[in-house]
Amino acid sequence: MKRRFLKSSMAMAVAATTVLIPFAFSPAAHAEEAAAVKLRLMETSDIHDHIMDYDYYSDAATEKFGLARTATLIQKMRSEAKNSILVDNGDLIQGNPMGDYMAKVKPLQPGQVHPVMKALNLLNYDVATLGNHEFNFGLNFLSETYNDAKFPYVNANVYIDDEKDDKNYFNPYKIIEKKVTDENGQEQTLKIGYLGLVTPQITIWDKNNLQGKVVTKDIVQTAQKFVPEMKAAGADLVVVLAHTGIDTVEHDPGAENAVYDLAAKVPGIDAIVSGHQHNLFPGDARFNGVKGIDNVKGTINNIPVVMPKSWGSNLGVIDMDLVKTDGKWKVSDSKSAAPSIYDAAAKKPLADRYQPIIDAVKSEHEGTLEYIREEVGQTSAPINSFFALVQDDPSVQIVNDAQSWFAKEKLKGTEFEKLPMLSAAAPFKSGGRMGADYYTNISTGKLAVKNIGDLYLYDNTLQVVKLKGSEVKNWLEMSAGAFNQINPSKTEEQPLLNLDFPSYNFDVIDGVTYQIDVTQPAKYDKDGKVINENASRIVNLKYNGKAIDNNQDFLVVTNNYRASGGGYFPGLNDSKIVYKGPDENRQALLSYIEENKTINPSADNNWSVAGDAKKANVTFESSPKSKEFAAQSKALTFKNDLDSGFAKYSIALQKPEATEEPSSIQELPAGRLIVKKTAEILKKNEDGTFSVYRTAKPGEALRFYGSEDDKFNVGGDYYVKYSNNVVPYSGRVLIKKDMPLYNKDGKVYRMLKKGEAVKVYSMDTGHYLVGNGYYVKKERNAVYHVGFVHLSADTALMFEKKTAKMLKKGSSYRVYSVDGKRLDLGGGYSVTASKTAAFSKN
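Residues numbered from 1 in each chain as written. Predicted model: local features only at pLDDT ≥ 70, side-chain atom pairs only at ≥ 80, totals over all residues. Heavy atoms only, no water.

Some points on the sheet that holds strand 35 (residues 607-610)
So, step 1. One open sheet holds the four strands; their spatial order is 31-30-29-35, and the pairing between them is mixed. The open sheet has two edge strands, strand 31 (546-547) and strand 35, and neither has a second partner.
So, step 2. Sheet topology note: the strand 29 (residues 513-517)/strand 30 (residues 538-543) ladder contains three bridges and is antiparallel. The residue of strand 30 that forms the bridge with Gln515 is Val539.
So, step 3. Seen against the sheet, helix 13 (residues 469-479) touches strand 29 and strand 30 and runs at an angle of roughly 140° to strand 30. (Pairing = 2+ DSSP bridges. Helix = DSSP H or I, 4+ residues; strand = E, 2+ residues; numbered from the N terminus. Contact = heavy atoms within 4.5 Å. Axes fitted to C-alpha atoms, helices over the stretch in contact; angles between N-to-C directions.)

Next up, the structure:
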């Protein structure tokens, strides 16, 4: 594997552009003892094989991305600076059809130069590091690609997998002498140290390629080891090439996105170039007002940082003022920016094409075009992802259909053949930080290879996991973090989508039906941490029309990334995998289409966003191209176009359906048990003994129907022993007007808001006791109720044993008490419980 550094000159092709990055200066304290140098650091990151300014999925040229245009901006930025360096931050060789063409269709051969290396060598990069997607095609392909680089590449936290795990697989860092001109016109020599780091999760995401070969270590701890070593080896400046993202808080070791921690916890770093998240820094509004982050100057904990989105759409630039005092160089001031190659507001390019790159990759580009245009089948309906995050969607439906079909064939004749099979898939192209054009939009008719790649972007392999029903629900609870919590009583506009939640983690599971109640809090954050233990957004989760059995076994078809724990989904790890093969999910999709010739991708509407929030003004953003499809939906309404290029839409939330119908009217639940710690559910045997049926997990809510000896009856022959692990409550108090919640000392703990419904565990003469000594005073604005009755047919409303009126089918009403079959609705009114007047306990 060659690792060498070449310094050469090249003719510069400079495009007309309005982008200017001013240098930032600080006067030296004493000119006689300090030399001053201006140094411009430029970064590309997450190119993902977008060398050409061409959208292979749309099969059309573009002015919005492509290194062939970024190159012109690089040349202009070089021409404006006395001293500059250029680095690449990884994720170069995978991500579009050209990458697939070079890895699989016409695989790279020894001695052949990969088109990405042709491009980077033309631009005279100083150094590069590796991204997580560099490992998607295996270590041999990575080596064959990078051995033609005319620049060194570095990584410090990937190690050879042996007994000690202490030998770096790559060169961890490189110190390069750089001749620069100071502000007095004198030549100076800077020893610049470059340290490379990658997300440690590569060994999970690409386990098939990396197991037994390499291991990874924590980003921050690795930097803490090597930065002092680099300083001791003579580095005047340390630049960290960090293929990791920017979160806004510190993390524990092993974090995927660790730039904030690097800047806070590793002394000696002078600048950080970042990536992986495809974000913009400085400039993205999510970084405004965050402690330690200057979103204008571009520093994190006073360290200059930049992130230039992806695909060459932007160029990362850090302008640094360097001062040499007492023989040591330091950064006295800096200014970061990430200028774009395209003006979205004016809808015009800011950088021309760089012809040397166009010429260099001409044959590979033409080969890719021929490849993507091969027909594989037909679609009888349009396939788009405009609304994939807010309603069941054809672009996800077709992937799930294909995965299920493919997996069933693979599991025929195995012990798993007869288990119920579900399939999980996520929308990959759904706008967001990638812009208003980043959606799948396939017309009725011909399907080509380019459409397969458009529907499934990543080089994942198909895997199948075996889970319990309760684990399927938790999977969906994690996915439900894609939504903000909606306040049902608020009339101001509320955005539905959580922009910090990656769309590729919004898994839709087909084979079950369910609703996502977004008026409830999320159970997990985007990193899989429990933030609301008792939260349950997933309601009416059913299999074959019946409430899912938490203890039933299911197979779920997914990909290697998710099956191995990617995305921090609870309960997913290698121990759950029952099938793993060499076939990619894309291959399953291709085979499915070829087998069926013509497909109908219409969504089966097995899930929906829900919430009892008629007054709420809930909005989201999508492409302006989706207006005609919104007009076909009863729930979606186009609002207006936005300056960002997106359009705003509103969504009417569905009211959640009844969650349970009692098995018999005599068996109305008496309350619920909240499981605080694991508790065994016991089954009563015919001989009167008890055996363990399953273990209830913390956060579960179990309806109970009475008690027997020292046990709660949780339905039929099933029981839970009295213990501190389970806490019964009998109802809720609905807050009709803002009022105090008191602690056990009688002091106001906080104000309860109108519309809140608080669990009641017991009550006395003047108080509703809501747990841990807290209470709400009994008064007319605190309305206690024990549950709801849901009407699946027109039902008589009774008053003094006479029919007062007929209540309409589909209605739901609060129940304030239960007397046999009589459900008290308040004010002397009642309904009689039946199969069509189903009582559901709080």
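Section: unusual backbone geometry
So, step 1. Residue Pro282 is bonded to the preceding Phe281 through a cis peptide linkage, with omega at 0°.
So, step 2. The topology assignment puts Pro282 in the loop between strand 13 (280-281) and strand 14 (293-294).
So, step 3. The phi dihedral of Asp49 is positive, around 65°, even though this residue is not glycine.
So, step 4. Examined against the element boundaries, Asp49 turns out to sit in the loop between strand 1 (34-44) and strand 2 (54-55).
So, step 5. According to the relative accessible area criterion, Asp49 is buried, its value standing at 1%. (Buried < 20%, exposed > 50% of the residue type's maximum accessible area, 1.4 Å probe, protein only.)

Re the packing of aromatic side chains
So, step 1. In total, this model carries 29 aromatic pairs according to the counting rule given.
So, step 2. Centroid distance Phe386 to Tyr439: 5.6 Å. Interplanar angle 55°. Geometry classified as tilted. Of this pair, Phe386 sits in the loop between strand 22 (383-384) and helix 11 (394-410) while Tyr439 sits in the loop between strand 23 (421-425) and strand 24 (441-442), placing them 53 residues apart in sequence.
So, step 3. Phe386 gets classed as buried once you look at its relative accessible area, which sits at 4%. (Phe/Tyr/Trp six-rings, centres within 6.5 Å; stacked < 30°, edge-to-face > 60°.)

Structural notes on the confidence of the model for the chain
Atom-level detail of predicted coordinates should not be read off regions where pLDDT is low.
So, step 1. Taken residue by residue, the chain gives an average pLDDT of 87. The fraction at 70 or more is 92%.
So, step 2. Contacts for the low-pLDDT stretch residues 1-32, under 50 throughout, to residues beyond four places or in other chains number 83 contacts.
So, step 3. This stretch, residues 659-667, has a pLDDT under 50; its non-local contacts, to residues over four places away or in other chains, come to 22 contacts. (pLDDT = per-residue confidence, 0-100.)

Some words on the pattern of salt bridges
So, step 1. Throughout the structure, instances matching the rule amount to 33 salt bridges.
So, step 2. The salt bridge involving Lys104 is made with Glu584; its shortest N-O contact spans 2.2 Å. Taken together, the residues span a long stretch of sequence, with Lys104 in helix 2 (residues 97-105) and Glu584 in strand 33 (residues 577-584) at a distance of 480 residues.
So, step 3. Residue classification places Lys104 among the partly exposed residues on the basis of a relative accessible area of 35%. (Salt bridge = Lys/Arg side-chain N within 4 Å of Asp/Glu carboxyl O.)

Considerations on empty space enclosed by the protein
So, step 1. Evaluated as defined, the whole model comprises three cavities of 30 Å³ or more.
So, step 2. When its volume is computed, the largest cavity comes out at roughly 50 Å³.
So, step 3. Residue lining of the largest cavity: Ser385, Ser395, Val396, Val399, Ala426, Pro427, Phe428, Lys429, Thr440, Asp454 and Leu455, and that is the complete set.
So, step 4. Counting only elements with at least two residues in the lining of the largest cavity, the list comes to helix 11 and helix 12 (449-455).
So, step 5. Considering each element in turn, the lining of the largest cavity owes the most residues, three residues, to helix 11.
So, step 6. Split into classes, the residues belonging to the lining of the largest cavity amount to six nonpolar, three polar and two charged. (1 Å grid on protein atoms, 1.4 Å probe; cavity = no way out; pocket = protein on both sides within 12 Å on 5 of 7 lines; lining within 4 Å. Points joined across faces, edges and corners; volume = space filled by probe spheres on them. Nonpolar A, V, L, I, M, F, W, Y, C, P; charged D, E, K, R; others polar.)

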